[in-house]
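A structural walkthrough
The residues making up each chain are set out below.
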Amino acid sequence: MSQNRQVSALTGFKYRGGNPMWAWMLHRITGLGMVVFISLHILASFFMQQTGSQLATFINTLYESWVLQIFVVFFVVYHALNGLRIAILDLWPQFMVYQRQALWLQLFIFAPVYGLTVLILIQNALAGS
Amino acid sequence: MSSRTVQSGFNFEYFMWMFTRLSGVGLVAMAMIGLLGALVLGASTQVNLPTLMRWTFFPNPNHVQSSVPDVALGWANGFWQIMQILIVFFGATHGFNGLRAVVEDFEGKSEWKPLLRGLIFLLWIFVLMMALYIILAPEAQV
């Protein structure tokens, strides 16, 4: 790891890696998001369960709001599907020639799964359940 | 740009690289078992989507305040407790190893590396212990 990665953000965004680069970036962002989200959730659940802390209960109530859930579902579903694509391509490298098609296949699976979930979440929110 | 030296045989980075892929696939499989279990236990008619999602990833009666008694009772047994422990262990290890990978990518060559590694290791152990306590505590106090 002796490569120099100290480039400005602007140069970073000008890097023309195309779709695989954005998939990689989103994979990292969603992964880090889940580490923060789930760690905080475990902490809050612990204190809610053991001490009945007001702050912990507030955090867990926040997690139940449908607006946050739209983001959480995106993070989880995207990370899971993209992770499956990475695992398949890494463990069976002979499929690597189809890596661009794999990204499209991933999008075609992601769109209906995520779209339907968001639709139901918004429907429930509007119905006030 | 200089070439990287590749160690042959067993090494930590390769092991974690493989672990990340296998545990990722395993987590998706375990989430599917949780989702199917929830539907079999009656979630399709008795809970809403957000609750179903929470059952999927963490099937614990302490975790979801459900007004449906048989759903809550259906989860409170050894099988689902073992499932939760597996999900938490693989999930936390996968997640904190990912955090380590991102942090070490950003820091490059740095004398802080052992310290940051140790910090992430402690966080990992801490979150694991908290989650185990939540799973095995007899019942919620609120």
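1. Digging into the overall build of chain B
- Within chain B, the secondary structure is distributed over five helices and zero strands.
- Secondary structure elements of chain B, listed N to C terminal, follow the sequence α-α-α-α-α.
- With 142 residues in all, chain B has 40% of them scored as buried.
- Taking contacts inside chain B between residues at least 6 apart in sequence as the whole, the part at least 24 apart equals 68%.
- Counting every atom, chain B has about 8,500 Å² of accessible surface; 72% of that belongs to carbon and sulfur.

2. Re the pattern of salt bridges
All names here are of chain B.
- With the rule as written, the count across this model stands at six salt bridges over all chains.
- Between Arg-117 and Glu-13 there is a salt bridge, with its nearest N and O atoms 3.5 Å apart. Remark: Glu-13 occurs in helix α1 (residues 12-46) and Arg-117 occurs in helix α5 (residues 113-136); sequence separation between them is 104 residues.
- For Arg-117, a relative accessible area of 30% corresponds to the partly exposed category.
- Between Arg-117 and Glu-104 there is a salt bridge, and its shortest N-O distance comes to 2.7 Å. Here Glu-104 lies in helix α4 (residues 78-107) and Arg-117 lies in helix α5, a separation of 13 residues in the sequence.
- Taken together, the salt bridges that share partners define one network made up of Glu-13, Arg-100, Glu-104 and Arg-117.

3. Overview of the confidence of the model for chain A
- In the predicted model, chain A carries a mean pLDDT of 84, and 91% of its residues have values of at least 70.
- Ranking the elements of chain A by mean pLDDT puts helix α1 (residues 9-14) of chain A last, at 70, and helix α4 (residues 66-91) of chain A first, at 90.

4. Here's the deal with a nonpolar patch on the surface
Residues and elements named next belong to chain A.
- Together, Trp-66, Val-67, Phe-71, Ile-122 and Leu-126 line one region of the surface with nonpolar side chains, adding up to about 520 Å² of accessible area.
- Elements represented by at least two residues in the nonpolar patch include exactly α4 and α5 (99-127).
- For the nonpolar patch, the leading source of residues is α4, giving three residues.
- Position of Ile-122 among the secondary structure elements: in helix α5.

5. Side note on the packing of helix α2 (residues 18-50) of chain A against α4(B)
- Orientation of α2(A) relative to α4(B), taken along the N-to-C sense of each, is 130°, at an axis distance of 10 Å. The orientation of α2(A) with respect to α4(B), classified from their angle, is oblique. Considering the relative orientation of α2(A) and α4(B), their crossing is left-handed. Mapping the contact onto sequence places Arg28(A), Leu32(A), Val35(A) and Ser39(A) in α2(A) and Gly95(B), Phe96(B), Leu99(B), Ala101(B), Val102(B) and Asp105(B) in α4(B).
- Here the residues of the contact of α2(A) with α4(B) sort into six nonpolar, two polar and two charged.

6. Some remarks on the packing of aromatic side chains
- Throughout the structure, instances matching the rule amount to 14 aromatic pairs over all chains.
- Look at Phe46(A) and Phe47(A): their rings are 5.3 Å apart centre to centre, the planes differ by 90°, and that puts the pair in the edge-to-face class.
- Given a relative accessible area of 35%, Phe47(A) falls into the partly exposed group.
- Summarising the aromatic geometry, the rings of Phe121(B) and Trp124(B) are spaced 5.6 Å apart at their centres and angled 50° between planes, so their arrangement reads as tilted. Of this pair, Phe121(B) and Trp124(B) both sit in helix α5, three residues apart, which is roughly one turn of that helix.
- Phe121(B) gets classed as partly exposed once you look at its relative accessible area, which sits at 47%.
- For Trp124(B), a relative accessible area of 17% gives the class buried.

Parameters at a glance
- Counting restarts for each chain, with residues numbered from 1 along the sequence as it is written.
- For naming, the first written chain is A and the first written ligand is 1, with later ones following in the order written.
- The predicted nature of this model means local features are confined to residues of pLDDT at least 70 and side-chain atom pairs, given and counted, to a pLDDT of 80 or more, with totals for whole chains, interfaces and linings taken over all residues.
- Hydrogens and waters are ignored; side-chain quantities use all the structure's heavy atoms.
- Secondary structure follows DSSP: runs of H or I at least 4 residues long count as helices, runs of E at least 2 residues long count as strands, and numbering of each begins at the N terminus.
- Burial status follows relative accessibility: with a 1.4 Å probe on protein chains alone, a residue under 20% of its type maximum counts as buried, one over 50% as exposed, and anything between as partly exposed.
- Residue contacts follow a heavy-atom distance rule, with two residues in contact if any of their heavy atoms lie within 4.5 Å.
- Calculation of accessible area relied on Shrake-Rupley with a 1.4 Å probe; when residues are assessed, cover is drawn exclusively from the protein chains displayed.
- Should a side-chain nitrogen of Lys or Arg be within 4 Å of a carboxyl oxygen of Asp or Glu, the pair is scored as a salt bridge.
- In predicted models, pLDDT denotes the confidence assigned by the predictor to each residue on a 0 to 100 scale.
- Exposure above 30% relative accessible area and no salt bridge define the residues that can form patches, which grow by joining like charges within 9 Å and nonpolar side chains of Val, Leu, Ile, Met, Phe, Trp and Tyr within 5 Å.
- Every angle, taken between N-to-C directions, lies between 0 and 180 degrees, and every axis is a line fitted to C-alpha atoms, over only the stretch in contact when it is a helix.
- Roughly parallel covers angles under 35 degrees, roughly antiparallel covers those over 145, roughly perpendicular covers 65 to 115, and oblique covers all other angles.
- Handedness of a crossing is defined here by the sense of rotation of the near helix relative to the far one, left-handed for an anticlockwise turn of less than a right angle and right-handed for a clockwise turn.
- Think of it as three bins: nonpolar holds Ala, Val, Leu, Ile, Met, Phe, Trp, Tyr, Cys and Pro, charged holds Asp, Glu, Lys and Arg, and polar takes everything else, Gly as well.
- Stacked, edge-to-face and tilted labels apply to pairs of Phe, Tyr and Trp rings (six-membered ring for Trp) whose centres lie within 6.5 Å, assigned for plane angles under 30 degrees, over 60, and everything in between, in that order.

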